[in-house]
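Each chain, written out:
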Amino acid sequence: MIDVILPVLNERDALPWVLGRMPEGYAPLVVDNGSSDGSGELAASLGARVVREPTPGFGAACYAGLTAATSEVVCFMDCDASFDPRELPRVADPVRDGSADLMLGARAPTAKGAWPAHARAANALLAFELRRRTKIPLKDLGPMRAARREGLLALGIADRRFGWPLEMVLRAADAGWTIRETTVSYHPREGRSKVTGTLKGTARAVRDMTGVLR
């Protein structure tokens, strides 16, 4: 089994779709990061393992899931129905077979508005800076990804907010990991995004990632 770490903050409407499409051999590990809509209780009733992380922050939720996971390979994925869990093998299989140490899902929007222009522009700038620093030809810093659990813990990722995904890649590159990406579908999310859905959310994510770059 592969643990799939799903940071959740008020994702009740998306949970049935996401958990219902989890592939065989993949176990959902929902990290409830302070939901007020009963997301954690619903996830548990749908058969997911649920852990609570009261400290707010995307990175805090991801780290809580990583420390709670037990599988050799772990996946991360947003739980807002923007990613289809059936595509998880695209990022997990190269890690399992040893052809990649860290595998990222490069987002390909499936509909207009799935990836707002302001968020796509911010991502492009960060990806450019990442390519410049690491010489790794990555196009996206997408949150669907896979790696070996013990290796991730050993990286010592310190950010507990939106800088977590970028710091993971930077530390992995510094450690000499083989980092690759593959295309995954990116759908319009269920509900409003805390990051890409608003200019304020995107600015907050860029601020955190810029801090990591510094």
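Parameters and conventions
- Residues numbered from 1 in each chain as written.
- Predicted model: local features only at pLDDT ≥ 70, side-chain atom pairs only at ≥ 80, totals over all residues.
- Heavy atoms only, no water.
- 1 Å grid on protein atoms, 1.4 Å probe; cavity = no way out; pocket = protein on both sides within 12 Å on 5 of 7 lines; lining within 4 Å.
- Points joined across faces, edges and corners; volume = space filled by probe spheres on them.
- Helix = DSSP H or I, 4+ residues; strand = E, 2+ residues; numbered from the N terminus.
- Nonpolar A, V, L, I, M, F, W, Y, C, P; charged D, E, K, R; others polar.
- Polar contact = N/O pair within 3.5 Å; in protein donor to acceptor, adjacent residues only side chain to side chain.
- Contact = heavy atoms within 4.5 Å.
- Expected span 1.5 Å × (residues − 1).
- Buried < 20%, exposed > 50% of the residue type's maximum accessible area, 1.4 Å probe, protein only.
- Arc of directions from axis to C-beta.

Let us look at empty space enclosed by the protein. Inspection of every chain in the model, using the stated rule, returns one cavity of 30 Å³ or more. Its boundaries defined by the atoms lining it, the largest cavity holds a volume of some 40 Å³. Lining the largest cavity are Phe58, Cys62, Phe76, Pro143, Arg145, Trp164, Pro165 and Met168. If you list the elements that add at least two residues to the lining of the largest cavity, you get helix H3 (58-68) and helix H7 (164-174). Counting residues per element, the lining of the largest cavity draws most heavily on H7, which supplies three residues. Its residues assigned to classes, the lining of the largest cavity comprises seven nonpolar, no polar and one charged.

Inspection of the secondary structure puts Asp32 in strand E2 (residues 26-32). Of note is the side chain of Asp32, whose polar atom sits 2.8 Å from the side chain of Ser35. In contact with Asp32, not counting residues within four places along its chain, are Val8, Gly40, Val50, Val51, Arg52 and Glu53.

It is worth spelling out helix H5 (residues 117-134) at this point. Across its 18 residues, H5 extends 25 Å between first and last C-alpha, which sits within 8% of the 26 Å expected from 1.5 Å per residue. Taken residue by residue, H5 has Ala119, Ala122, Asn123, Leu126, Ala127, Glu129, Leu130 and Thr134 as its buried positions. Down the axis of H5, the buried set is contained in an arc of 160°. They therefore lie on one face. Opposite the buried face of H5, at more than 90 degrees from it, the exposed residues are Ala117 and Leu125. Within two residues after H5, Lys135 carries a phi angle of roughly 65°, on the positive side.

Structural measurements only, silent on function.
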